[in-house]
Amino acid sequence: REWWIGSADLRPRNLHRRVELLAPVRDETHCARLDALFASDMSDPTAWRLTSGGTYDAPWSPAFGDVMSAQTRLVSSVGARAEGRR
């Protein structure tokens, strides 16, 4: 597995008149953190899913009860780590 970081807007349309830079992530601790973030995002019960027909589907509904999005989990964990460093 390899992790590379760079622009969040790395799309073909943006590569015609500018140079984009990507950098490999080599530190195993950072790679493990990226693995965890990716797994969290991919299992987000509130995320819309792109269907094979090209449309988006929202698998979550209020009937499922209280669920926490991947973004909310991330903000919460970053806030807790920041509080621990003070």
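Rules and cut-offs
- Residues numbered from 1 in each chain as written.
- Predicted model: local features only at pLDDT ≥ 70, side-chain atom pairs only at ≥ 80, totals over all residues.
- Heavy atoms only, no water.
- Phe/Tyr/Trp six-rings, centres within 6.5 Å; stacked < 30°, edge-to-face > 60°.
- Helix = DSSP H or I, 4+ residues; strand = E, 2+ residues; numbered from the N terminus.
- Salt bridge = Lys/Arg side-chain N within 4 Å of Asp/Glu carboxyl O.
- Buried < 20%, exposed > 50% of the residue type's maximum accessible area, 1.4 Å probe, protein only.

Engineer: Sorry if this is basic, but what is going on with the packing of aromatic side chains here?
Structural biologist: What describes a pair of aromatic rings is the distance from one ring centre to the other and the angle between the planes of the rings. Applying the stated rule across the entire model yields one aromatic pair. Both rings, one in Trp3 and one in Phe38, keep their centres 6.1 Å apart while their planes meet at 70°; by these two values the pair is edge-to-face. Here Phe38 lies in helix 1 (residues 28–42) and Trp3 lies in strand 1 (residues 3–6), a separation of 35 residues in the sequence.

Engineer: Is there a simple way to think about the pattern of salt bridges in this case?
Structural biologist: Pairing is possible between side chains of opposite charge, provided their charged atoms come close. Taken as a whole, this structure holds three salt bridges when the rule is applied. Arg1 is paired through a salt bridge with Glu28; the nearest N and O atoms lie 3.4 Å apart. Taken as a pair, Arg1 in the segment before strand 1 and Glu28 in helix 1 lie far apart in primary sequence, 27 residues in all. Comparing Arg1 with Glu28 shows no difference in burial state: the two are exposed. Asp35 is paired through a salt bridge with Arg1; the nearest N and O atoms lie 3.1 Å apart. Placement of Asp35 in helix 1 and of Arg1 in the segment before strand 1 is noted, with a sequence separation of 34 residues between them. A single salt-bridge network, built from bridges that share partners, covers Arg1, Glu28 and Asp35.

That's the geometry; what it means functionally is another story.
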